[in-house]
Amino acid sequence: MERYSTAAVNVMTLCTLWGAVACGRIGYEISPIEDDSVESDAWDDSGFDSGEPADTDNKIDTDVNSDAHTGADTGGDDTGSDTGDDTGSDTGDDTNADTTVSGTDADTDALPVPPSSLSLAMTRISADVNWTSGGGGTAGFLVLRSTSPIAWAPQAGRSYSAGELVSAGEVVYFGENTLVQDDDQGAQLNEGRLYYFAVYAYNKDYEYSAPITDGALTMADDARGRFRFYVQSVNAEDTYLIAQELRLQIDGQWAENAVTGSNTGSIGSYPIANISASNYFETYAPWNLFDGGFGVWSTDYATFDATAPFDGTPEQWVEIDFGTHVVNVTGYQIVGGSDLPVPDVFDLRYWNEDAFWLIPESAGAVPSHSAPHYTWADRGGDGTSAPNPPCRVETGNDDAQITLTYSDGNGDTAGYMIVRGSDAPLAFSPVDGDVYTAGSVGAEEIVYVGTAESFRDTSVMTRNDYTYALYAFDALRNYSTPRIVTANAHRGHRFYRFVVDSTATQTSSTLVFEVEFEAGSAWLANGMSGIDTGTIGGNTAVIDYSSHSAFQRAGWKAFDGTTSGSANSAWQPMLGTFSTTAPYDASPPQWVAVDFGSNPVNVTGLRVWGDSTAFTDGPDAFHLEFSDDGLNWKAVSGSSRSDVNTNSVYEYHF
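Residues numbered from 1 in each chain as written. Predicted model: local features only at pLDDT ≥ 70, side-chain atom pairs only at ≥ 80, totals over all residues. Heavy atoms only, no water.

Caption draft 1: Expanded view of the overall build of the chain. Each helix and strand counted, the chain has three helices and 44 strands in total. Of all 654 residues assigned to the chain, the portion counted as buried reaches 46%. Relative to all contacts within the chain whose residues are 6 or more apart in sequence, the contacts with residues 24 or more apart total 69%. (Helix = DSSP H or I, 4+ residues; strand = E, 2+ residues; numbered from the N terminus. Buried < 20%, exposed > 50% of the residue type's maximum accessible area, 1.4 Å probe, protein only. Contact = heavy atoms within 4.5 Å.)

Shown next as structure tokens:
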């Protein structure tokens, strides 16, 4: 009789659990075992010949693997039952399996929707970070903290751990919650410090959404969310006040006002939750104090005494509420309106749980239309000193422009300010804490405020002398001592050439007895005694020229110091180089050039001596050119003259 081993039955049992397809794919083969000691009965669909009752319903015996026998054996083997069973089982199983996989693939391809509604609740040592899930396949969230604005993308396909450091900061949380308390892994955050947070959603394949970001200050004694600007008095008797702008210094930086409605906009990087006031007149609402422009806040009438002292009854105030943000205000500036009355006694206070408390250093009693500043944070890097002045200052000049270059002299430099005047020393001196912009300051002018280490001044007059004071300042606007330099709007050049464009008559020639250069306010003495010999203004010079007449009236004679007399003391271009009919122009151009070598000269004017004889006349049109290489020439601005009489000395400046 054929019997099956225990191992075979066990495999059959596994096949019942896995299904016919699985067994077929694994490749198990169930083989009969010969056993002569057992009674030989035939296996049929009536059941096992082992004392079991016969099946009468023609159904599969539940004790037998359904994959092994379904229906009658064909030819005494499993061919028929396997064929039918496997076909049905595979079809159903594979169909269901493929459907499931298809659904999983679709979910995997979908990126999660970014989270929303990020809010930060700061304490002195921790931050509560709360947000709303965007759904859309989100499996969890990554929260990142940094001390600078975050522009970072997590790596797709990998997970992160709390406390892990990445290039942009520290991972605060990685998981499914939407509320996290961050205390830097128990080490606590720093008080009064600005922290930035970014929250990313991820799906089950660790693909990440775009982040939602925000930043806030942890609390400190002077880091609060609500502030009030109080006005106790005005400087006139009209019983109301006008204030044009209130600027806050937050964490050592002057914040830009960008409020466009009562509760719309921002101060610096912080959105406004609410702006309110004790009262205001018609459309002159308090938010105008933070619009960055020319709007004004005006109190209602009869809020100040009509007779001196013009005190508020009661005090008038504007409140700024930063909502969930706390900010460290380190100074403020109040600007009065263009019309009187304006605040002249005022202060700043912050909310501390049960009342508004005065910031003592903020109290002021001055006419506010002068835009006073009050700052009370530590000054400078060590709290006591301003930055060092700029170093390695150099000047470069050309026609109608002066270029200044400079470097940081160290000492917590945050920027530079350049003041221009005509005389040294300059009268203007900046006040620590005050913010300045380009514009006139008395008789002088602030020409630059910024962080660049070079400045090109194009608003200068050609050949005028200028004095510049360069200041460095720190984040709190503490100013260094000035670095003073002087410069001229037209730099010196190595080469100059005097070009004769035309003569006064049809003689086809001209005489130039002398050409004298002005440098600054001094006329340079000529002392040339040969083409390669002599000086001009004490500077060794070399002369060149386009041509000269056969009478050896060479170009250097225009710089020999002789202004009249024999024609042999003058330069005469070659005869026939000027037209004999009007206009009496030179063809080609006629010139005499001077090379100052290593001592460039800044030429600011000319004197020209011509001559009038029976045979020649002086030039009546000419100009001056300069070059730094002797090859490329450019006309000196303002040096051209025409229809002039040089028979006697002709002097001009440019």
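Caption draft 2: Fine view of the pattern of salt bridges. Inspection of the entire model under this criterion finds 15 salt bridges. The salt bridge involving Arg 158 is made with Glu 164; its shortest N-O contact spans 2.6 Å. On the basis of relative accessible area, Glu 164 is assigned to the partly exposed category, the value being 21%. Taking the shortest distance from any N to any O, the salt bridge between Asp 205 and Lys 204 comes out at 3.7 Å. Under the relative-accessibility criterion, Asp 205 is labelled partly exposed at 26%. When salt bridges with common partners are traced through the structure, they connect Arg 145, Glu 170 and Asp 182 into a single cluster. (Salt bridge = Lys/Arg side-chain N within 4 Å of Asp/Glu carboxyl O.)

Caption draft 3: Main features of the sheet that holds strand 38 (residues 539–540). Pairing in this open sheet of three strands is antiparallel, and the strands run 36-37-38 from one edge to the other. Each edge of the sheet is formed by a strand with only one pairing partner; in this case those strands are strand 36 (526–530) and strand 38. Where strand 36 and strand 37 (residues 533–536) come together, four bridges link them in antiparallel fashion. Of the residues in strand 37, the one forming a bridge with Gly 527 is Thr 535. (Pairing = 2+ DSSP bridges.)

Caption draft 4: View of the sheet that holds strand 20 (residues 311–321). Spatially, 18-20-12-22-23 is the arrangement adopted by the five strands of the open sheet, whose pairing is antiparallel. Strands with a single pairing partner mark the edges of an open sheet, and in this sheet they are strand 18 (274–277) and strand 23 (356–358). Averaged over all adjacent pairs, the angle separating strand axes in this sheet is 25 degrees, with direction ignored. For strand 22 (residues 343–351) and strand 23, the ladder comprises three bridges, and the chain directions are antiparallel. The residue bridging Arg 349 from the neighbouring strand is Leu 358, located in strand 23. (Axes fitted to C-alpha atoms, helices over the stretch in contact; angles between N-to-C directions.)

Caption draft 5: View of the packing of aromatic side chains. Overall, the coordinates contain 32 aromatic pairs when judged by the stated rule. Where Phe 174 meets Tyr 206, the ring centres are 6.0 Å apart and the plane angle is 40 degrees; that geometry is what we call tilted. In this pair, Phe 174 sits in strand 7 (residues 169–175) while Tyr 206 sits in the loop between strand 9 (194–202) and strand 10 (212–217), placing the two residues 32 residues apart along the sequence. A centroid spacing of 6.1 Å and a plane angle of 5 degrees characterise the contact between Phe 281 and Tyr 284, whose relative ring orientation is stacked. By relative accessible area, which is 36% here, Tyr 284 ends up partly exposed. The structure contains a cluster of three or more aromatic residues connected by ring pairs, namely Trp 152, Tyr 160, Phe 174, Tyr 200, Tyr 202, Tyr 206 and Tyr 208. Cation over ring: Arg 228 sits above Trp 317, and NZ or CZ is 3.6 Å from the ring centre. The residue whose ring lies beneath Arg 497 is Trp 591, and the NZ or CZ to ring-centre distance is 5.2 Å. (Phe/Tyr/Trp six-rings, centres within 6.5 Å; stacked < 30°, edge-to-face > 60°. Lys NZ or Arg CZ within 6 Å of the ring centre and 35° of its normal.)

Caption draft 6: Focus on the pairing of strand 40 (residues 585–595). Sheet topology places strand 33 (residues 495–503) next to strand 40; seven bridges connect them, and they run antiparallel. By the bridge assignment for strand 40, Arg 497 is matched with Ala 593.

Caption draft 7: Local environment of the side chain of Arg 477. As for its position among the elements, Arg 477 is in the loop between strand 31 (465–473) and strand 32 (483–488). Excluding residues within four positions of it along the chain, Arg 477 makes contact with Trp 254, Val 431, Asp 432, Gly 433, Asp 434 and Val 435.

Caption draft 8: Region of the structure containing the environment of Gly 265. Structurally, Gly 265 is set in strand 16 (residues 264–267). The class of Gly 265 is partly exposed, set by a relative accessible area of 31%.

Caption draft 9: Structural context of the confidence of the model for the chain. Across the chain, pLDDT averages 78, with 78% of residues at or above 70. Put simply, helix 2 (residues 20–26) is where the chain has its lowest mean pLDDT, 33, and strand 5 (residues 140–146) is where it has its highest, 96. (pLDDT = per-residue confidence, 0-100.)

Caption draft 10: Region of interest: the side chain of Ser 627. Summarising the element assignment, Ser 627 is placed in strand 42 (residues 619–627). Here Ser 627 falls in the buried class, since its relative accessible area comes to 1%. Within polar-contact distance, the side chain of Ser 627 engages the backbone oxygen of Asn 632 at 2.7 Å. When residues no more than four places from it in sequence are discounted, the contact partners of Ser 627 are His 493, Arg 494, Phe 495, Asn 632 and Trp 633. (Polar contact = N/O pair within 3.5 Å; in protein donor to acceptor, adjacent residues only side chain to side chain.)

Caption draft 11: Seen up close, the environment of Ile 484. Along the chain, Ile 484 turns up in strand 32. Put simply, Ile 484 and Pro 425 are 59 residues apart on the chain and 8.3 Å apart in space, counted from C-alpha to C-alpha.

Caption draft 12: Structural context of the pairing of strand 29 (residues 444–450). Burial runs high along strand 29: five of the seven residues are buried. In the sheet, strand 27 (residues 415–421) pairs with strand 29 via five bridges, with the strands oriented antiparallel. The residue bridging Tyr 416 from the neighbouring strand is Gly 450, located in strand 29. Looking at chain direction, strand 28 (residues 439–441) and strand 29 are connected through three bridges and run antiparallel. Bridge pairing in strand 29 places Val 441 opposite Glu 444.

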